Amino acid sequence: AILLLATTSPAAAGPWTKSPGELYVKVGENFFASESYVDSSGVVHDGTKYFGASTFTYFEVGFAPKLQVVGYLPFTIARNTFPDGNAHLQSGGGDALIGVQWSPPIPVIQTAIRGDVKIPMYDVGALKGPLAMRFPAFGDGQVDVTLWWSAGGGLPGTPLYLWGEAGYRIRTEGYVGQGDVRTFADSFVWAGQVGVTVPDKMWFAVTVNGVAPFREDAVTKGYLTVGPSVGVRPVKWLAIEASFDPIVWARNSSPGVGFGAGVSISR
């Protein structure tokens, strides 16, 4: 049996760091659907259908000059449907993220350094019995540590902006709960966005996210997503946001379609 899981990135702070007392909070729903799995050699395995829905809260809070804390808390409901018609559903906490971001005093361009930790709110070794492998997984189940560098800004005289970030992801062997015996390769990660804004009204953007392991194995996932997003501000402090994030390349992962929507407040 093949375990399928949503692999799209939950959120990215970018290089803009909140000042003390400033905050951004988003509550929303992410969905991911797939009908195949790509193994480490690039062979596509069809037949098993996956659908997952994650209710999440994402936040950025400034707590000191040029310093902010970021976090992501999801609750996921996921289902695997097999060619024999049997479906197996599981619900619970997903991969939480907590991190700290600092913007150094560099003129001209906005930059930031961020470190975050992925903390699974589940135990991949908790399910037992002959059907355990047929249930969807919420993630790999172990703790990751990622170090990011971000840079970006607006293009003078235009409504355009862009940012990009790259990082090193340390895949530890520390599991929550019982876990299992798998070990994962460290990975190069990146993200970027190009957008256009109507100040205090709305924005349109195209976002890319990617993960590339430093070695090939049978378990470490790699993927690339490219998709649009839009946000509308009915008032200055409130926004309605939506995104579409198809996975266009995958290894040890599931190509599919991710989409989401949420409401955010900022002050």
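Refer to the structure above for everything that follows.
Everything quoted here is computed from the prediction, not taken from an experiment. (Residues numbered from 1 in each chain as written. Predicted model: local features only at pLDDT ≥ 70, side-chain atom pairs only at ≥ 80, totals over all residues. Heavy atoms only, no water.)

Visitor: Run through the overall build of the protein, naming residues and quoting values.
Guide: Per the secondary structure count, the protein includes zero helices and 14 strands. Listed N to C, the secondary structure of the protein is β-β-β-β-β-β-β-β-β-β-β-β-β-β in terms of helices and strands. By the compact-globule yardstick of 18 Å for 267 residues, the protein fits well, its C-alpha radius of gyration being 19 Å. Taking the principal axes of the C-alpha coordinates as reference, the protein spans close to 60 × 35 × 30 Å. Residue pairs at least 24 apart in sequence account for 62% of intrachain contacts in the protein once pairs closer than 6 positions are excluded. Accessible surface, the protein as shown: approximately 12900 Å² in total, 67% of it carbon and sulfur. Averaged over its 19 positive side-chain charges, the protein has a centre that lies 6 Å from the centre of its 21 negative ones. (Helix = DSSP H or I, 4+ residues; strand = E, 2+ residues; numbered from the N terminus. Rg over C-alpha atoms; globule rule 2.2 N^0.38 Å. Contact = heavy atoms within 4.5 Å. Areas by Shrake-Rupley, 256 points an atom, 1.4 Å probe, with all protein chains shown as cover. Lys, Arg positive; Asp, Glu negative; His and termini not counted. Charge placed at Lys NZ, Arg CZ, Asp CG, Glu CD.)

Visitor: Break down the packing of aromatic side chains for me, citing the residues and quoting the values.
Guide: Applying the stated criterion across every chain yields a total of eight aromatic pairs. Considering the side-chain rings of Phe31 and Phe259, the 5.2 Å spacing of their centres and the 25 degrees angle between planes classify their relative orientation as stacked. Linking Phe31 in strand 1 (residues 23–38) with Phe259 in strand 14 (residues 256–266), this pair joins segments that are 228 residues apart in sequence. Since its relative accessible area comes to 27%, Phe31 is described here as partly exposed. When its relative accessible area of 35% is taken as the criterion, Phe259 is described as partly exposed. (Phe/Tyr/Trp six-rings, centres within 6.5 Å; stacked < 30°, edge-to-face > 60°. Buried < 20%, exposed > 50% of the residue type's maximum accessible area, 1.4 Å probe, protein only.)

Visitor: Can you break down the pattern of salt bridges residue by residue, with the values?
Guide: One pass over the structure, following the stated rule, counts eleven salt bridges. Across the pair Lys26 and Glu241 runs a salt bridge, and its minimum N-O distance is 3.4 Å. Here the residue Lys26 occupies a position in strand 1, and Glu241 occupies one in strand 12 (residues 238–244), the gap between them amounting to 215 residues. When its relative accessible area of 16% is taken as the criterion, Lys26 is described as buried. For Glu241, a relative accessible area of 11% corresponds to the buried category. Taking the shortest distance from any N to any O, the salt bridge between Arg114 and Glu165 comes out at 3.1 Å. With a gap of 51 residues between them, Arg114 in strand 6 (residues 110–120) and Glu165 in strand 8 (residues 160–175) connect regions that are remote in the sequence. As far as burial versus exposure is concerned, Arg114 and Glu165 are alike and both buried. It is possible to trace a salt-bridge network through shared partners that takes in Lys118, Asp140, Asp144, Arg171 and Lys221. (Salt bridge = Lys/Arg side-chain N within 4 Å of Asp/Glu carboxyl O.)

Visitor: Could you give an account of a nonpolar patch on the surface, with specific residues and numbers?
Guide: Residues Phe51, Phe244, Val257 and Phe259 make up a contiguous nonpolar surface patch of about 310 Å² in total accessible area. Within the fold, Val257 resides in strand 14. (Patch = residues over 30% accessible without salt bridge, like charges linked within 9 Å, V, L, I, M, F, W, Y side chains within 5 Å.)

Visitor: Residues and numbers for the nonpolar core, please.
Guide: Within the largest apolar cluster, twelve residues are counted, these being Phe32, Val38, Tyr50, Ala78, Tyr122, Phe138, Trp148, Val189, Val211, Tyr223, Ile247 and Ala250. Every element with two or more residues in this core is listed here: strand 1 and strand 13 (247–251). (Core = buried A, V, L, I, M, F, W, Y, C linked by side-chain atoms within 4.5 Å.)

Visitor: Help me get a handle on the environment of Thr158, residues and values and all.
Guide: Within the fold, Thr158 resides in the loop between strand 7 (142–154) and strand 8. A distance of 2.9 Å separates the side chain of Thr158 from the backbone oxygen of Leu155, its partner in a polar contact. (Polar contact = N/O pair within 3.5 Å; in protein donor to acceptor, adjacent residues only side chain to side chain.)

Visitor: How would you explain the pairing of strand 10 (residues 202–213) if you had to name every residue and give the values?
Guide: Pairing between strand 9 (residues 187–198) and strand 10: twelve bridges, direction antiparallel. If you follow Gln193 over to strand 10, its bridge partner there is Thr207. Examined bridge by bridge, strand 10 and strand 11 (residues 222–235) share ten bridges and lie antiparallel to one another. Note that in strand 11 the partner of Gly210 across the bridge is Leu224. (Pairing = 2+ DSSP bridges.)

Visitor: A description of unusual backbone geometry should follow, citing residues and the corresponding values.
Guide: Of note in this structure, Lys66 is not a glycine but carries a positive phi near 65 degrees. The topology assignment puts Lys66 in the loop between strand 2 (44–64) and strand 3 (67–81). With a relative accessible area of 45%, Lys66 lands in the partly exposed category. Located in the positive-phi region is Asp200, a residue other than glycine, with phi close to 60 degrees. Mapped onto the secondary structure, Asp200 falls in the loop between strand 9 and strand 10. Accessibility expressed as a relative area gives 45% for Asp200, which makes it partly exposed.

Visitor: Residues and numbers for the side chain of Thr76, please.
Guide: Relative to the helices and strands, Thr76 resides in strand 3. Given a relative accessible area of 8%, Thr76 falls into the buried group. If we ignore the near neighbours within four places in the chain, the residues touching Thr76 are Ala53, Ser54, Gln90, Ser91, Gly92, Gly94 and Phe138.

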